[in-house]
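Given next are the chains, with one letter for each unit.
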Amino acid sequence: MPTSVRSNKHPRRRRTKPSKDATPDSSPASDQEGMPRSPRGQTTSLESISIQPRTPKTPRSNGGPLWRASDGIGDEDVELSLLGEDERRQAAQGMTLEEEQEYLAQADKKPMSNKDKRAIALLIILYLIQGFPLGLALGSLPFLLKEHLSYSQIAVFSLASYPYSLKLLWSPIVDSLFIPSVGRRRSWIIPMQVLIGSLMLIISFNAEEYMNNPSEHINIMSIVFTALVVLSATQDIAVDGWALTLLSQDNLPFASTCQTIGLNTGYFASFTVFLALNSESFSLKWGIPRLHLSTYMQFCSVMSFVVTVWLLFIKEENEHEDEDISIKSVYLTMWNICKLKHIQILCLLHLFAKIGWAANDAVTQLKMVEKGLGREDLAIAVLIDFPFQMVAGYVAGRWSRGDKPLRPWMLSFWPRLVLTFLATLMVFYFPAPPIGMGFFALIILQTVLSSFAGTVQFGGISAFHTRISDPVVGGTYMTLLATFTNLGGTWPRFFVLKGVDLFSVATCQIKEQGLSVKAAECVSDHGKAACADLGGECITERDGYYIVSAVCLALGVLSVIFFMIPTARKLQAVPPSKWRVS
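This is a predicted model, so every value here is computed, not measured. (Residues numbered from 1 in each chain as written. Predicted model: local features only at pLDDT ≥ 70, side-chain atom pairs only at ≥ 80, totals over all residues. Heavy atoms only, no water.)

S.K.: Help me understand the nonpolar core, please; the structure alone is not making it clear to me.
M.R.: The tendency in soluble globular proteins is for nonpolar side chains to be buried side by side. Membership of the largest hydrophobic core comes to 94 residues, with the highest contact counts inside it found for Leu136 and Phe225. At 17 residues, the largest contribution of residues to this core is made by helix H4 (residues 114-145). Non-local contacts of Phe225, meaning those with residues more than four positions away in its chain, are made with Leu136, Ala137, Leu141, Phe157, Ala160, Ile203 and Met297. Judged by nonpolar contacts, the second largest core, of 30 residues, contains Leu406, Leu553, Ile565 and Leu571. (Core = buried A, V, L, I, M, F, W, Y, C linked by side-chain atoms within 4.5 Å. Buried < 20%, exposed > 50% of the residue type's maximum accessible area, 1.4 Å probe, protein only. Helix = DSSP H or I, 4+ residues; strand = E, 2+ residues; numbered from the N terminus. Contact = heavy atoms within 4.5 Å.)

S.K.: Can you help me understand the state of the cysteines in this one?
M.R.: Linking two cysteines covalently through their sulfur atoms gives a disulfide. All chains considered together, the criterion is met by one disulfide. Disulfide partner of Cys508: Cys531, at an S-S distance of 1.9 Å. As the torsion about the S-S bond is roughly 95°, the Cys508-Cys531 disulfide counts as right-handed. You can see Cys508 sitting in strand E3 (residues 505-510) and its partner Cys531 sitting in helix H22 (residues 525-533), a full 23 residues away along the chain. With relative accessibility at 4%, the residue Cys531 sits in the buried group. Cys338 carries a free sulfur, and the closest cysteine sulfur to it, the one in Cys347, is 6.0 Å from it. (Disulfide = S-S within 2.5 Å.)

S.K.: Honestly, the packing of helix H5 (residues 151-158) against helix H10 (residues 214-246) in this entry has me stumped. Any pointers?
M.R.: Between two packed helices, what matters for the description is the angle formed by their axes and the separation of those axes. Their axes nearest at 8 Å, the elements H5 and H10 cross at an angle of 20°. By the angle between their directions, the pair H5 and H10 is classed as roughly parallel. Contacts between H5 and H10 pair Gln153, Val156 and Phe157 from the former with Ser215, Ile218, Asn219, Met221, Ser222 and Phe225 from the latter. Of the residues in the contact of H5 with H10, the class split is five nonpolar, four polar and no charged. (Axes fitted to C-alpha atoms, helices over the stretch in contact; angles between N-to-C directions. Parallel < 35°, antiparallel > 145°, perpendicular 65-115°, else oblique. Nonpolar A, V, L, I, M, F, W, Y, C, P; charged D, E, K, R; others polar.)

S.K.: Looking at this model, I keep getting lost on the packing of aromatic side chains. Mind explaining?
M.R.: Between two aromatic rings, the relevant description is the distance of the centres plus the angle of the planes. Inspection of the entire model under this criterion finds 18 aromatic pairs. Here the aromatic rings of Phe132 and Tyr296 are separated by 6.4 Å at their centres, their planes lie at 85°, and the arrangement is edge-to-face. Linking Phe132 in helix H4 with Tyr296 in helix H13 (residues 293-312), this pair joins segments that are 164 residues apart in sequence. Here the aromatic rings of Phe157 and Phe225 are separated by 5.8 Å at their centres, their planes lie at 65°, and the arrangement is edge-to-face. You can see Phe157 sitting in helix H5 and its partner Phe225 sitting in helix H10, a full 68 residues away along the chain. Taking the relative accessible area as the measure of exposure, Phe157 reaches 1% and is therefore buried. Linked through ring pairs, Phe132, Phe274, Tyr296 and Phe299 together constitute an aromatic cluster. We note Lys146 situated over the ring of Tyr151; from NZ or CZ to the ring centre the distance is 4.8 Å. (Phe/Tyr/Trp six-rings, centres within 6.5 Å; stacked < 30°, edge-to-face > 60°. Lys NZ or Arg CZ within 6 Å of the ring centre and 35° of its normal.)

S.K.: In this structure, what is going on with helix H14 (residues 327-338)? I would like to understand it.
M.R.: Helical geometry: 3.6 residues make up each α-helical turn, so side chains three or four residues apart lie on a common side. Counted at 1.5 Å a residue, the expected span for H14 with its twelve residues is 16 Å, and the 17 Å between its end C-alpha atoms agrees. All of the buried residues along H14 are Val330, Thr333, Met334 and Ile337. Along H14, the residues classed as buried sweep out an arc of 100° about the axis, all on the same side. Facing away from the buried side of H14 by over 90 degrees, the exposed positions are Lys328 and Trp335. (Expected span 1.5 Å × (residues − 1). Arc of directions from axis to C-beta.)

S.K.: Would you explain the packing of helix H19 (residues 413-428) against helix H20 (residues 437-468) in this entry?
M.R.: In contact at an axis separation of 9 Å, H19 and H20 are set at 155° when each is read in the N-to-C sense. Taken together, the axes of H19 and H20 are roughly antiparallel relative to one another. Crossing geometry of H19 relative to H20 is assigned as left-handed. Every residue of H20 that contacts H19 at Phe413, Arg416, Leu419, Leu422, Ala423 and Met426 is listed here: Phe439, Leu442, Ile443, Gln446, Leu449, Ser450, Ala453, Gly454 and Gln457. By residue class, the composition of the contact of H19 with H20 is ten nonpolar, four polar and one charged. (Left-handed = near helix turned anticlockwise from the far one by under 90°.)

S.K.: Can you walk me through the sheet that holds strand E4 (residues 515-518) in this structure?
M.R.: Two pairing modes exist for strands in a sheet, parallel and antiparallel, and in both the strands are linked by backbone hydrogen bonds. Strand order in the open sheet formed by three strands is E4-E3-E5, with antiparallel pairing between adjacent strands. Edge strands, defined here as strands with exactly one partner in the open sheet, are E4 and strand E5 (537-542). Across this sheet, the average inter-strand angle for adjacent strands is 30°, counted without regard to direction. Here five bridges tie E3 to E5, and the two strands are oriented antiparallel to one another. Across the sheet, Val505 pairs through a bridge with Arg542, a residue of E5. (Pairing = 2+ DSSP bridges.)

Below, the structure written as structure tokens:
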């Protein structure tokens, strides 16, 4: 699939009801071992992207009391906080599943307040605005550009997706700097949305020119959409933080639901829906006007401005503005986490975990479009895939419970590698258009199964992250791990696209004059048309896609056998206390 969206919300920790068998000195159960992580709603083309939690606040350093009466923390909580790791784990083991479900059901019986309903609506709309530019940059535009550009040129444009995976680098700044009169979160959300709307409006006036002659404007397009992704990532950091205070404690889990609905809806509108409505064949088939990129970007711009005006009339409650959020201390915490030996091994695991299907994620669907798969057909395949990801998210959450959360992560490697090999064979044996229903059904089946396996794998690794994260610095810990997980799917993309052109050999053969000219442009529709204008025909003597795919698959199989699974088993056996910063 085109690059994927993943939800990584981490709401504040809920006090757990002590079991009947626990001693008075026992602590509440920590949710990092026994509690399942909320499954991801879906795997889409934003697979390398995750919504990261707000950077945690640093403790007060003025020597004053760490708790106030207004904080609602009594003597029992202070006593519980002094317990050691072993005692906390013992208390967690004392609670039965029935007791846990009974306790959690108490919150579910409470009706949702109107305030929380309004907050959920606001969060969904804010995430929706985020999804518009992301769906264009990471979804539809690479397919539109494929008709005119080589894979090397698309590789340059793919760099626009990198900032979303690196937002950890500036998230402490977004958490720390704000205008008190405006609010901690609105100080960032409002200007980011104004800039997103303005930038999309400006580029819309030249969008058709850019798309008709992308080779001449590839650099400016890459810069503009990189800027849009940076702005969207910054807005996401602020919205993530605001979600934790907009919703009541009982309804905090709905923050992840808001992200899933809002971001994915905006993303699919810019990818699935726009690709279909932008297709000439779809327009002629259904007798509707074709939706141009300039018109759609103007619509997104107006939506961004309207929501921004709405935000001006929403009052942001003071979010503990007296608390010290030190930028330096947060960056220092990140460094201390990175110095842990087990974290270094885990990050190395993340950076190379997705190498086996890197070519499949980056190029396979582009190749299918090149061989005749209609953009509207691809949009239908992605749309059918959506409900299956909901089921996969539930399966991932159930399977990842217990003391072996990495089990689904390890086992999912093999179906993903097999399905990647199947996708490569499908490209090789791709029939000449029009595509029959049987082969189209096979494309849908491969897409659904690959995404299903990816979702299950993501659920396993996310549960493991929850289990090992130090609760003292939980937000920074989880965000750091999510960043390396994202990078594992992001960094190979540029090199894979470059490699396809590097190993491809294509010539423009002009039979009347007996000429055969090597032309890398023959991989694009624009290059084929240019060759045809000269009275020639593009002949692909060697397709670099198969070489790159084979290299990635070989590296994936070898790494899984000799590094991924053996290392994952060792890391899974490391006790949680060894993952603590101090």
